[in-house]
Amino acid sequence: MKKILLLLMAMAMAIASGTIAHTAERDPVKKAIQARHAVMILRSWYAGPLFGMAKGDIEYDADWAGALANSLKAELDTTDRGMWPEESDYEAYPDFSRTLPEWWLDTDGAEEAEKAYASAVTQIAESAGGGLNAFRSAIGDLGKSCKGCHDSYRTE
Ligand code: HEC
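Bear in mind that the values here come from a model prediction, so they are computed numbers and not experimental data. (Residues numbered from 1 in each chain as written. Predicted model: local features only at pLDDT ≥ 70, side-chain atom pairs only at ≥ 80, totals over all residues. Heavy atoms only, no water.)

Undergrad: Is there a simple way to think about the coordination of the iron atom of the ligand in this case?
TA: For a metal bound by four donors in tetrahedral geometry, the ideal donor-metal-donor angle is 109.5 degrees, whereas six donors in octahedral geometry ideally sit at 90 or 180 degrees. Protein coordination at the iron atom of the ligand: the donors are Met40 (SD) and His150 (NE2), at 2.0 to 2.5 Å from the metal. For the iron atom of the ligand, the six donor atoms are set out with angles of 87 to 179 degrees between them, so the coordination reads as octahedral. With methionine 40 in helix H2 (residues 28-55) and histidine 150 in helix H6 (residues 132-153), the pair connects residues that are 110 residues apart, well separated along the chain. Judged by its relative accessible area of 32%, methionine 40 is partly exposed. (Donors = N, O, S within 2.8 Å, 3.2 Å for Na, K, Ca; no water. Tetrahedral: all angles 85-135°; square planar, octahedral: opposite > 155°, others 65-115°. Helix = DSSP H or I, 4+ residues; strand = E, 2+ residues; numbered from the N terminus. Buried < 20%, exposed > 50% of the residue type's maximum accessible area, 1.4 Å probe, protein only.)

Undergrad: What am I meant to see in helix H3 (residues 62-76) here?
TA: For an α-helix, the turn length of 3.6 residues means that residues three or four places apart are oriented alike. Along its 15 residues, H3 runs 21 Å from first to last C-alpha, staying within 8% of the 21 Å computed at 1.5 Å per residue. Buried within H3 are the following residues: Ala65, Gly66, Leu68, Ala69, Leu72 and Glu75. In this structure, the buried side of H3 is in contact with H2, helix H5 (107-127) and H6. (Expected span 1.5 Å × (residues − 1). Contact = heavy atoms within 4.5 Å.)

Undergrad: I would appreciate a short explanation of H6 in the present structure.
TA: Relative to the 32 Å expected for 22 residues at 1.5 Å per residue, H6 spans 32 Å between its end C-alpha atoms, a close match to the ideal helical length. Bending of H6 peaks at approximately 25 degrees at the position of alanine 138. Along H6, the residues that are buried comprise Phe135, Ala138, Ile139, Leu142, Ser145, Cys149 and Tyr153. Along its buried surface, H6 packs onto H2, H3, helix H4 (102-105) and H5. (Bend = angle between axes of the 7 residues up to and from the residue.)

Okay, here's the thing in structure tokens:
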């Protein structure tokens, strides 16, 4: 019993000191950048098969398409507060951040890009599971809204 307790304590200390959790960042700004990357990776995880179905690389599956689109929609209800701190652009964090300084300078434009994305996601969530035609009518805007924001606010 004592041995197990000691082992657990040693593990907790190792995790706290960062020797096990090698992906844990100490720099709070890097942590925030990692969190926004996680959101983007999740978006692309859900949107990827939808784009695949649109291209015909993957066979359209109404249930799956609906579930993927609803997952994108659910992510919109999560908060990104603190994920985009000032001074976390690609110049401040080269090799880590790809966000252009314009993201913070052109806040109106960035807000517009987010709104366009939210509206495209709402649209695809309503139509993705409703048959191939409905799905096709909405998928274009989704792709455009990801790309639109990346073109304006993300480096190559
Ligand atoms: C409103 C703006 C915006 C929208 C909408 C948006 N992105 Fe992004 N995305 C960004 C920015 C900015 C970055 C760069 C983040 C960084 O590295 O600081 C990024 C980064 C990414 C990355 C790279 C993540 C990494 O680990 O480096 C992927 C993948 C991605 N986005 C996919 C998507 C997909 C797919 C969509 C649409 C379903 C989408 N994004 C919608 C702004 C956006």
